[in-house]
Each structure stands twice: as structure tokens, then as C-alpha cells.
Amino acid sequence: MMLKGTNQWMLTVRRVVLIASMVALVVAAAQPAGAEPIESINFQNADVRSVLNFLAEYGGVNIVAAPAVQGQVTLNLKNVDWRQALSILAKTYSLKVVEEEGYFRVMLLADYLKEVQELERFEADKRQLVDLRTQLIEIKYANAKDLVKPVKSLLTSRGKVDVDNRTNTLLITDEPGTVGRISEYVAELDKETRQIKISARLLEVSSEYLEEIGIDWSVVTSGTDSRNRIYTNEATTDHGNRVTDPSSIYKFSTLQKDWRLDATLQAIVNSGNGKILAQPEVTTVENKEARIQMGQKVPIKQFSASGDVVISFEEVGTILRVTPHITSSDRILLHLQPERSSFSFEAAGVVINTNNANTNVVVADGQTAVIGGLTTEDEIITRVGVPVLMDIPVLGRLFSYDKKDVRTRDLVVFVTPEIVDNALMGAVEPEELPTQP
């Protein structure tokens, strides 16, 4: 009985040893050759081909060295795998390792660069033999002239682009592959541009009444920083008159979309405190400037180099330039350039006085931006005196005097941008068209 128990115990031990050996073999087979780091690599003035053979044996890969790869190398590395050691060797001794299918090719870096240049020259020569292809691309929404510059950046040395203005078409001639890529590129650019309707109200109001309109001339912005902390910035223009720059007199504000602008302006006009000079409305595409001008053109004489008199016309009055841009959240960024100018005659000629500003304001769709501070002063001279006696020639001066009155007026511009959708453009979807009986 004792012998039988001993044999069973030994059989169990053998089974455990056999299973452990099989597991070790499976793990060894699953682990790629050379995956473990090399504890120490120490070569002193060793032949470079011998070092490459060592790394190939350890990594279980094929490494082929070019005939020009000769010389002695010194390496002293610890805890690196064979790929890292091969990369360090190549960078240190100006070699290039090119991984091909099934093997690694090692060559001098200078020879590799020469090989690349020759390959590129071969590919260029081969492209010269390819027949060119011409394609007409009809532009639906954009102006074909505006796409010439970006298209030229994609052409090869053999390619060219031209424009047919009559049909708004691009004529592209280049290699077939390049023409295909340009066609996809143009399709991405040729998309319908959204339009914005700009409604402006130009109100002239006395300076005394300006503060009663109820507009807060402060700009308050808030946001969240990188730490999700809310911050608020406030900038006012109350002290703009302390600055000598004329553009500092302009004030900017915004009104809410539900603010009753038309009713307020009508109340101001009816009370006699102001008058509406103009209510222009223009529609422009996104990122294109809309220009509103109210005034006159003043002729100015100039002399050319040959001594001839040349007359040029300068626009004087109130000019408003608006460039809208629709943001990703359907808010509208307005680039505003208001200008108010006047002219006077002096001995040297015509003098044009100009005040202008340049600013950016972000408003919601249908919200109103307000521009103030466009101030003018009118000097009114009235003759006051004793009736009848003041009208006597020469002697009437003794019974009268001139009364000078300076009246200050402010021009307030209300700019309301509105994104033009299909309903405003009068567009009708195909399925909504009336059917013929």
C-alpha cells in the first residue's frame, strides 16, 4: 500500500512539471524574438557589419548592409531593444535604415538622399509623359475669378487654369490625378454663401436729448476661463473726449431684439427733438462689405505731372461700411467703419474734416447695434436790434448787434443685421410648387 501511494505522488509531480513546461513553451512562442530589452551592449572599435549581424540575430530579423557601409563603431548601451540600438547606431554614424518587406536595408545617409532625389526625378520624368486632361468646372455660387488663386496653388508645373466669364466656368488643364483632386477641392469651395440684410436708421438728435433715449453706452462681456471660472469685462466710453484721436468720440452699444426701435424713433420725431435722415436697407453676402453713403461728392482740382488740371471727386458726408460674418452659433460679427466728414474752402483749397472709427461688434440675429458720438456743431448768426432803426443803412449798426448761437447735434446710427433665410428670399421648395391642373 505504501509503494502504491508513493508512485501516485510521483506521477502527480511529473504531470505538474510537464504542464509547467508546456506553459513556458507557449509563453516563449507567443513572445516575439528579441522583444526583451538587451541588458548591456558594449562594442569597442567593432566592425559595423558585426554589430549589425548581432542585432539581426537577437531580433530575429534580416538586416542587409550596403557595400559602402564600412568602418569601426563603438556602442555602450544598457536596457534597450534591438530596434532602439539599430536606430541609435544609424543616427550616430550617419546611416539610414529603410524597412522593406521582410528585411531591413542599411545604407549611408548620403546615398539614401541621392537615391530619393533620383526616384523623385524619375517620377517627375514619368509624369511628363502622361497626357494632360482638360476639364470644365461650372461654378454655381461663387465667382470663378475668386477661385483662380486657390486653384493655382494645387496645379503642377504643367497645369494651367483659365476663366470663362460668360458662363462663370473654370477651365483646368493638368494631369488626370491633379484635375480630379482640384474638382473635389472646388466642389468644397463652391457652396452657397449666406446673405445678411443690413437695416440702418440714421437719426439726427440734439445733444441735450441724446441721453434721454435710454441707451447704455457701456459694453459688458462675460465668459468662462480655462478653469471654468466666470469673468466679466466692462468698457465704457464716458471719457472718450479726453483723447485727442478723433475716433475716440464714437460710442457703441447694442439693443435687445425685442426693443421697440421704430416706436422710439417715431416718438422722437413727433416730439420735435430729432429727425430721421435716412432708413436704407441693403443685402450683402457673408464677408462682403455693404456700404451706405449719404452726402455729396466734392470736386477737387489737382495738377498732374505734365501740368494739366485733373478734377477728382471726394465723397463727403455720412458713410457707413458694414462687413458681416456669421459665426457657428448663428450670431453675427459686424465689422463697422462709420465715418462723418465735412468740407470747407480755404486759401489753399478745399479742406475735408473727417471723423472715423473701426470696430467689431457681435450681435444676435435681429439685434441692433448702435453707433453714437458723431457730433456736429452749427454756428447760427442772428442780427438782433431795435425794429426799424436797425434797418437804417450805416446808422443801423448803432441800434443792432449780431447774436451767435452754437447748436450741437448728434447723429445716431442704428444697424440691425438679419440673416436672410429661404422665406425672406422668396424661395419655394420644389415640392411646394403649385401643380398645374
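Just above sits the structure.
So, here's what we can say about the structure. Bear in mind the structure is a predicted one, so any value in this text is a computation, not a measurement.

Thresholds applied
- Residues numbered from 1 in each chain as written.
- Predicted model: local features only at pLDDT ≥ 70, side-chain atom pairs only at ≥ 80, totals over all residues.
- Heavy atoms only, no water.
- Helix = DSSP H or I, 4+ residues; strand = E, 2+ residues; numbered from the N terminus.
- Buried < 20%, exposed > 50% of the residue type's maximum accessible area, 1.4 Å probe, protein only.
- Arc of directions from axis to C-beta.
- Contact = heavy atoms within 4.5 Å.
- Polar contact = N/O pair within 3.5 Å; in protein donor to acceptor, adjacent residues only side chain to side chain.
- Axes fitted to C-alpha atoms, helices over the stretch in contact; angles between N-to-C directions.
- Parallel < 35°, antiparallel > 145°, perpendicular 65-115°, else oblique.
- Left-handed = near helix turned anticlockwise from the far one by under 90°.
- Nonpolar A, V, L, I, M, F, W, Y, C, P; charged D, E, K, R; others polar.

### Considering the environment of Asp410
Within the secondary structure, Asp410 sits in strand E21 (residues 400-420). In this structure the C-alpha to C-alpha distance between Asp410 and Ser206, which are 204 residues apart in sequence, comes to 5.9 Å.

### Observations concerning helix H3 (residues 82-92)
Owing to its 3.6 residues per turn, the α-helix brings residues three or four apart onto one side. Burial in H3 covers these residues: Trp82, Ala85, Leu86, Leu89 and Ala90. One side of H3 holds all its buried residues, which, seen down the axis, span an arc of 130 degrees. Of the exposed residues in H3, those oriented more than 90 degrees away from the buried face are Lys91 and Thr92. Buried-residue contacts for H3 involve strand E1 (38-47), helix H2 (48-59), strand E2 (63-65), strand E3 (72-80), strand E4 (95-100) and strand E5 (103-108). Regarding H3, its N-cap is Asp81, as a side-chain oxygen of that residue lies 3.2 Å from the backbone nitrogen of Arg83 further along. Just downstream of H3 lies Ser94, where phi reads positive at about 55 degrees.

### Quick notes on unusual backbone geometry
For Ser94, which is not glycine, the phi dihedral falls at a positive 55 degrees. Tracing the sequence through the fold places Ser94 in the loop between H3 and E4. Phi is positive for Asp330, close to 60 degrees, though the residue is something other than glycine. Positionally, Asp330 belongs in the loop between strand E16 (309-326) and strand E17 (332-346). In this structure Asp330 comes out as partly exposed when scored by relative accessible area, which is 37%.

### Side note on the environment of Glu315
Positionally, Glu315 belongs in strand E16. Owing to a relative accessible area of 26%, Glu315 belongs among the partly exposed residues under this scheme. In this structure the C-alpha to C-alpha distance between Glu315 and Gln296, which are 19 residues apart in sequence, comes to 5.8 Å. Setting aside chain neighbours within four positions, we find Glu315 in contact with Arg291, Gln293, Gln296, Lys297 and Ser341.

### A short note on the packing of H2 against H3
Relative orientation of the contacting elements H2 and H3 amounts to 160 degrees, with a least axis distance of 10 Å. The angle between H2 and H3 falls in the class roughly antiparallel. Relative to H3, H2 is oriented so that their crossing is left-handed. In this structure, H2 contributes Val48, Val51, Leu52, Leu55, Tyr58 and Gly59 to the contact, and H3 contributes Trp82, Ala85, Leu86 and Leu89. In the contact of H2 with H3, the residues fall into 9 nonpolar, 1 polar and no charged.

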